[in-house]
Amino acid sequence: MPTIRSFSNKDRRVLSFLLAIASTAALTAGLLIIRDRMEVASVALLYLVPVGVSATVGGLGPGIIAALASFFSLNYFFLPPYGTLMVHQSQHLLALLVFLVLAILISQLVGRMTTSLATARARENETTRLYELSLALTRLHREPDILSNLAQHILETFQAAQVEIFVEGESQTSLVRLPEKDSEGSILSGQPTALVSLQGSQRMVGEIRMWRPGGLLNPAEERLLRTYASQGVLALERTRLAASESRARILEESDRMKTALLSSVSHELRTPLATIKAAVTSLRSEDIPWEAEARRDLLAAVEEESDHLNLLVGNLLNMSRIEAGALQLKRRWNVLTDIAAAAATRGRHAGKGHRIELDIPEELPLVYVDEILMEQVFNNLLSNSLKYSPANSVIKISARPQDEQTVWVQVDNQGPAVSEADLEKIFEKFHRVTAADQITGTGLGLSICKGIVEAHQGRIWAENLEQGFAIRFTLPIQVGGEAPRVPSE
Amino acid sequence: MSNQPHILVIDDEYQILRALRTILTARQFRVSTAATGEEGLALAAAGQPDAIILDLSLPDMDGVTACKRLREWTQTPIVILSVRDSEQDKVLALDAGADDYLTKPFGIDELLARIRVALRHAAAQGQVDKKTVVTAGPIVIDLAQHSVKREGEEVKLTATEFKLLAYLAANAGRVLTHHTILSHVWDPADADHVEYLRVFVRQLRKKLEDDTEQPHILLSEPGVGYRFIADD
C-alpha cells in the first residue's frame, strides 16, 4: 500500500534498494575471506541479517531483493561446487530452499510492520493537521480570514505551489490565492492538480484549486483535501449564519426604534397641530365676535406652536443624521458666549418667567465647533430645563476652561433631582423620566445633544446638584490645531 | 406703470405662493408668481420686477444656478428662501449674487423687512450722493467723517474696528457673509479666518451694544455671516 511518506520521498526508496544489494554484497565479501573455516549453516544464518535490515529500513521490496541476492550469493559462493549455481548434495538443496522461504517470510513480516507503522504515522499526522485546521478555523469569524487560513493550511500540508479558493457569497464572489505571488511573480494558470468543490448544506459555495509540481494526489491525500474542504465549508456557514443573525437583530432593533419614533413623533406633531387648528378655526368662525385680546392670545398660541413644530422637525432631522452617521460638522472658531446667548434669547421667549443667566468668562478661549449644531445643543438643554423646572426659577449656562485642552460647560436648573438609575439613561432615545402625558417632548432632545457633543469629541453627562439638576459637557479646544492668532490691528 | 413695487415670487409650493400673493398684495405690492425656475426666469425678463423672492429648492433648477443666470443680465435684488440646516446653500447663493435670505418658516415681518432693505439698497445704487450717516439706536456713524458716536459721545475705535463697522453699516439691513466681510475688511487671502471676525465683532459689541449677550445692532447669522441693524 502506498503511503504519503514513501510518495513524498522517492530518493529514499531508491536508496533502500541500493542498501539491500550493498549489504548483501558486503557480507558476501567478508564471508569469502573466511569461507574455509565456516559451516554452511552458519553462513546461511548470517545471510538473514541483510534481509532483516533491508526489510526494516526499506520495507517489503528491499527485503525481497536482499533475500534473493542472499539466496544466489549463498548458492554461488558457499555451496560446492563453488562458482556455479549447481547443487550436488540434496541436503544442501533442501537447506537452500528453506533459506529462501525463511528470508522471504522475514522480509514480508518486517516489511509489513514497517509499512503499517508508516501508515499509522501518516494517519496521526493527518489527524493532527486536521485538528490544527479546525482549531484555527473556529477562532476566526471573518470570511476572508477563514479562506486565507484554509489556503495556508492546504499550501503547507500538501506542499503545493499555489492554492486558490473561490467562494460565492450572497452578494459577491471572492477569490483567495496563496502565495499571493510565486517567486517569479507570475500566477500559475492551467489545469490545477486537484480540484475540490466546497459543498454547503444548501448549495455549492465554491471550490478549492491546488497546483503542485509533485504530481497527482494519492487517495489518502485526496481524502484529506476533501476533509479540509468540508471543514472550510463548516466554518464559512457558521460565520454566515452568525452574520445574518446579527443583521436580523439589528434590523429588528431599528424597526423597533422606528416604530417608537413614529408613535412618539405623531403624538408630538399632533399636539401643536391641535392647538393651531383649534385657534385658527375659532378665528375663522363667524359666530363669535372675538375681542382684541382673545384674538391676540389665540394668534400667539398659533405662532408659538408653529415654532415648536419647527424645533421638533429640526430635532428629527438631526436625529436621523446622527443615526445614519451622516452628521457633518462645519467646524469654525467660535465664541461660546455668542452661541449660548443666541440660545438664551430664544429660551427667554419660550419660558414661563424663567430667568436665564449666562456665566461665561470673557477670557474663555475660542472653541472649534459647528455653531449651528452647538446652538441646537443649548436649545435642547434649555428647552429641557424650561420643561422640568418650576416657573420663575433660574436657569444658568456656565462655562470654564477645564485645562489647556478642554472647555467645560454646564446648564443647570432648579428642577427636581433625577434618580441615579436614570442619570445615564436619560441620554438614550425615547427615555423619559416622567410619564409621556405629563410633559411633552419626543424624548430625543438629550440623545441629540449627546450625538452632537460626541461628534465634537466631547463628553456629556448628567448630575444632581444640591438644589437642582445639571447637564454638563466638555469640548476639546485644540482639535482645530493651534488656537488662532488674531492680528490686533 | 404704477408706482407699486413689483415682486416676483418663484417657489414650487402652491400654498406659499398663495399666502405670499395675498399678504404682499394687501401690503400694496404688485405680485407675480412662478412655480419653476425656467418660468421664473422668463417672468423676470418679461415683467422687470423690482425684487425677486426665490426658493432655493426648485424642481427644475437649483437656486444657485437661478441666481447666477439672473445676475448675468440684471441687478434686481434677490431674496432667497431656504430651509434650516442648509447654511452652505445659502452662502453659495449669497456669493452667487443673492442679496439676502430667509429661512423657512419665517415671520412676515422679517420678509417685509428684507424686501424693504433690498428695494432701498437697489434704489441707492443709482444715486450719486449716498447716505453717509447711519443711525442705530444710540449709535450714530458718520462714514464720511470716520466718526462714531454713542449717545453723543465719541466712541474710540481702532482702524480695523472702524473699517469693519463702516462696511457693515454701509450695507445696513443686509446679511454679509463671513467670506465677503473678511475679503473686504482684511484681505481675500484671509477670507477663511472667521476667528478674526469673531474677535473683532466681540470688541465692537462691547463698545456699541447695551448688552453684549443680547445684541441689537450687530447680529450674528449663524453659519452665514453678520447683519447690521440700522434704524428705519
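Just so it is clear, the structure is predicted and the values come from calculations on it, not from any experiment.

Undergrad: Is there a simple way to think about the overall build of chain A in this case?
TA: Assigned secondary structure in chain A consists of 12 helices and 11 strands. In chain A, once contacts between residues fewer than 6 apart in sequence are set aside, the share between residues at least 24 apart is 68%.

Undergrad: Explain the overall build of chain B here, please?
TA: Along its length, chain B carries eight helices and 12 strands. Each of the 232 residues in chain B was classed as buried or not, and the buried ones make up 37%. Partitioning the intrachain contacts of chain B with sequence separation of at least 6 by distance along the chain shows that 56% fall at a separation of at least 24.

Undergrad: Where do I start with the pairing of strand S8 (residues 147-150) of chain B in this structure?
TA: Every regular strand shows the same layout, with side chains that alternate between the two sheet faces. Residue and element names in this part refer to chain B. Looking at chain direction, strand S7 (residues 139-142) and S8 are connected through four bridges and run antiparallel. Across the sheet, the residue bridging to isoleucine 139 is arginine 150, located in S8. Connecting the antiparallel pair S7 and S8 is a turn made up of four residues, with histidine 146 showing a positive phi of about 55°. Where S8 hands over to strand S9 (residues 153-154), the hairpin turn is made up of two residues, of which glutamate 151 adopts a positive phi near 50°.

Undergrad: Explain helix H1 (residues 14-26) of chain B to me, please; I cannot follow it from the model alone.
TA: Note: α-helices contain 3.6 residues per turn, so residues at a spacing of three or four share the same orientation. With 13 residues, H1(B) should cover 18 Å at 1.5 Å per step; its first-to-last C-alpha distance of 18 Å lies within 8% of that length. Immediately downstream of H1(B), the backbone of B:Gln28 shows phi near 70°, a positive value.

Undergrad: Please clarify how the sheet that holds strand S10 (residues 459-465) of chain A should be interpreted in this entry.
TA: Across a sheet, paired strands are connected by hydrogen bonds in the backbone, their directions being either parallel or antiparallel. Residues and elements named next belong to chain A. Taken in spatial order, the five strands of this open sheet run S6-S8-S9-S11-S10, and their pairing is mixed. This sheet does not close on itself; its edge strands, each paired only once, are strand S6 (355-359) and S10. Averaged over all adjacent pairs, the angle separating strand axes in this sheet is 15°, with direction ignored. The sheet contact formed by S6 and strand S8 (residues 394-401) spans five bridges and is parallel.

Undergrad: Please explain the pairing of strand S6 (residues 133-136) of chain B as it appears in this structure.
TA: Residue and element names in this part refer to chain B. Here S6 runs beside S7; their pairing, made up of four bridges, is antiparallel. Paired with valine 133 across the bridge in S7 is aspartate 142. The hairpin formed by S6 and S7 contains two residues between the paired strands, and glycine 137 there has a positive phi angle of roughly 60°.

Undergrad: Teacher, can you tell me more about the packing of helix H2 (residues 10-33) of chain A against helix H3 (residues 40-58) of chain A here?
TA: When two helices pack together, you describe them by how their axes are tilted relative to each other and by the distance separating the axes. All names here are of chain A. Contact geometry of H2 with H3 gives a least axis separation of 9 Å together with a crossing angle of 160°. Judged on the interaxial angle alone, H3 and H2 are roughly antiparallel. Of the two possible hands of crossing, H2 and H3 adopt the one that is right-handed. Contacts between H2 and H3 pair Ser16, Phe17, Leu19, Ala20, Ser23, Thr24, Leu27 and Leu31 from the former with Val43, Leu46, Tyr47, Val49, Pro50, Val53, Ser54, Val57 and Gly58 from the latter. Among the residues making up the contact of H2 with H3, the classes are represented as 12 nonpolar, five polar and no charged.

Undergrad: For this particular structure, what's the right way to read the sheet that holds strand S10 (residues 175-177) of chain B?
TA: All names here are of chain B. Pairing in this open sheet of three strands is antiparallel, and the strands run S10-S12-S11 from one edge to the other. Only two strands of the sheet have a single partner each, and these edge strands are S10 and strand S11 (218-221). The mean inter-strand angle of the sheet, taken between neighbouring strand axes irrespective of direction, is 30°.

Undergrad: Is there a simple way to explain the confidence of the model for chain B in this structure?
TA: A low pLDDT score tells you not to read the predicted coordinates there in detail. Across chain B, the average pLDDT comes to 90, with 97% of residues at or above 70. Of the two predicted TM-score estimates for the complex, the pTM is 0.64 and the ipTM is 0.85.

Undergrad: Quick question: what am I supposed to make of the environment of A:Thr114 here?
TA: All names here are of chain A. For threonine 114, the position within the fold is in helix H5 (residues 90-139). Separated by 55 residues in the primary sequence, threonine 114 and glycine 59 place their C-alpha atoms 5.9 Å from one another. Aside from chain neighbours lying at most four places away, what touches threonine 114 is Thr56 and Gly59.

Undergrad: I would appreciate a short explanation of helix H6 (residues 159-170) of chain B in the present structure.
TA: Residues and elements named next belong to chain B. The end-to-end C-alpha separation of H6 is 16 Å, in line with the 16 Å expected for 12 residues at 1.5 Å each. Turning to H6, its buried residues number three or more, namely Glu161, Phe162, Leu164, Leu165, Leu168 and Ala169. The arc that holds the buried residues of H6, viewed along the axis, is 165°, so those residues lie on one side.

Undergrad: Can you help me understand the nonpolar core in this one?
TA: Side chains of nonpolar character tend, in soluble globular proteins, to be buried together. Residues A:Ala340, A:Phe378, A:Leu382, B:Ile7, B:Ile52, B:Ile80 and B:Leu165 are the most contacted members of the largest nonpolar core, which totals 104 residues. Contact partners of A:Ala340, with chain neighbours within four places excluded, come to A:Leu358, A:Ile360, A:Phe378 and A:Ile397. Ranked by size, the runner-up nonpolar core spans 24 residues in total, among them A:Leu137, A:Leu178, A:Met210 and A:Ala235.

Undergrad: What's the story with the interface of chain B and chain A in this structure? I'm lost.
TA: For interface size, the figure often reported is the accessible area lost on association. Chain B puts 19 residues into the contact, and the matching count from chain A is 23 residues. Elements supplying a minimum of two residues to the side of chain B that touches chain A: H6 and helix H8 (194-208) of chain B. Looking at which element gives the most residues to the side of chain B that touches chain A, the answer is H8(B), with six residues. Split into classes, the residues belonging to the side of chain B that touches chain A amount to six nonpolar, six polar and seven charged.

Undergrad: Looking at this model, I keep getting lost on the environment of B:His216. Mind explaining?
TA: All names here are of chain B. Take histidine 216: it is sitting in the loop between H8 and S11. Taking the C-alpha atoms as reference points, histidine 216 and glycine 137, 79 residues apart in sequence, are found 8.8 Å from one another. Ignoring sequence-local partners within four residues, the contact set of histidine 216 consists of Gly137, Glu209 and Ile229.

Undergrad: Would you mind going over the packing of H5(A) against helix H6 (residues 143-157) of chain A with me for this structure?
TA: Residue and element names in this part refer to chain A. It is at 10 Å that the axes of H5 and H6 come closest, and there the two elements cross at 165°. Between H5 and H6, the angle is such that the two are roughly antiparallel. In this structure, H5 crosses over H6, and the sense of that crossing is right-handed. Counting all contacts with H5, which are made through Arg129, Leu133, Ala136 and Leu137, the residues of H6 involved are Ile146, Asn149, Leu150, His153 and Thr157. Of the residues contributing to the contact of H5 with H6, the split by class is five nonpolar, three polar and one charged.

Undergrad: Is there a simple way to think about unusual backbone geometry in this case?
TA: Trans peptide bonds make up most of the peptide bonds, and negative phi angles are found at most residues other than glycine. Of the consecutive residues A:Leu178 and A:Pro179, the connecting peptide bond is found in the cis state with omega at -15°. Examined against the element boundaries, A:Pro179 turns out to sit in the loop between strand S2 (173-178) and strand S3 (194-199). Across the junction of B:Lys104 and B:Pro105, the peptide omega takes the value -5°, indicating a cis bond. With respect to the element layout, B:Pro105 can be found in the loop between strand S5 (100-104) and helix H5 (108-126). At A:Asn392, a residue that is not glycine, the phi angle is positive and equals roughly 65°.

Undergrad: What should I look at first to understand the confidence of the model for chain A in this one?
TA: Put simply, chain A has an average pLDDT of 84, and 93% of its residues get 70 or more. A low-confidence stretch, residues 1-8 of chain A stays under pLDDT 50, and its non-local contacts, those more than four residues away or across chains, total 16 contacts.

Criteria and cut-off values
- Residues numbered from 1 in each chain as written.
- Chains lettered and ligands numbered in written order.
- Predicted model: local features only at pLDDT ≥ 70, side-chain atom pairs only at ≥ 80, totals over all residues.
- Helix = DSSP H or I, 4+ residues; strand = E, 2+ residues; numbered from the N terminus.
- Contact = placed C-beta atoms within 7 Å.
- Buried ≥ 20, exposed ≤ 12 C-beta atoms within 10 Å, placed from the backbone.
- Pairing = 2+ DSSP bridges.
- Expected span 1.5 Å × (residues − 1).
- Axes fitted to C-alpha atoms, helices over the stretch in contact; angles between N-to-C directions.
- Parallel < 35°, antiparallel > 145°, perpendicular 65-115°, else oblique.
- Left-handed = near helix turned anticlockwise from the far one by under 90°.
- Nonpolar A, V, L, I, M, F, W, Y, C, P; charged D, E, K, R; others polar.
- pLDDT = per-residue confidence, 0-100.
- Arc of directions from axis to C-beta.
- Core = buried A, V, L, I, M, F, W, Y, C linked by C-beta atoms within 7 Å.

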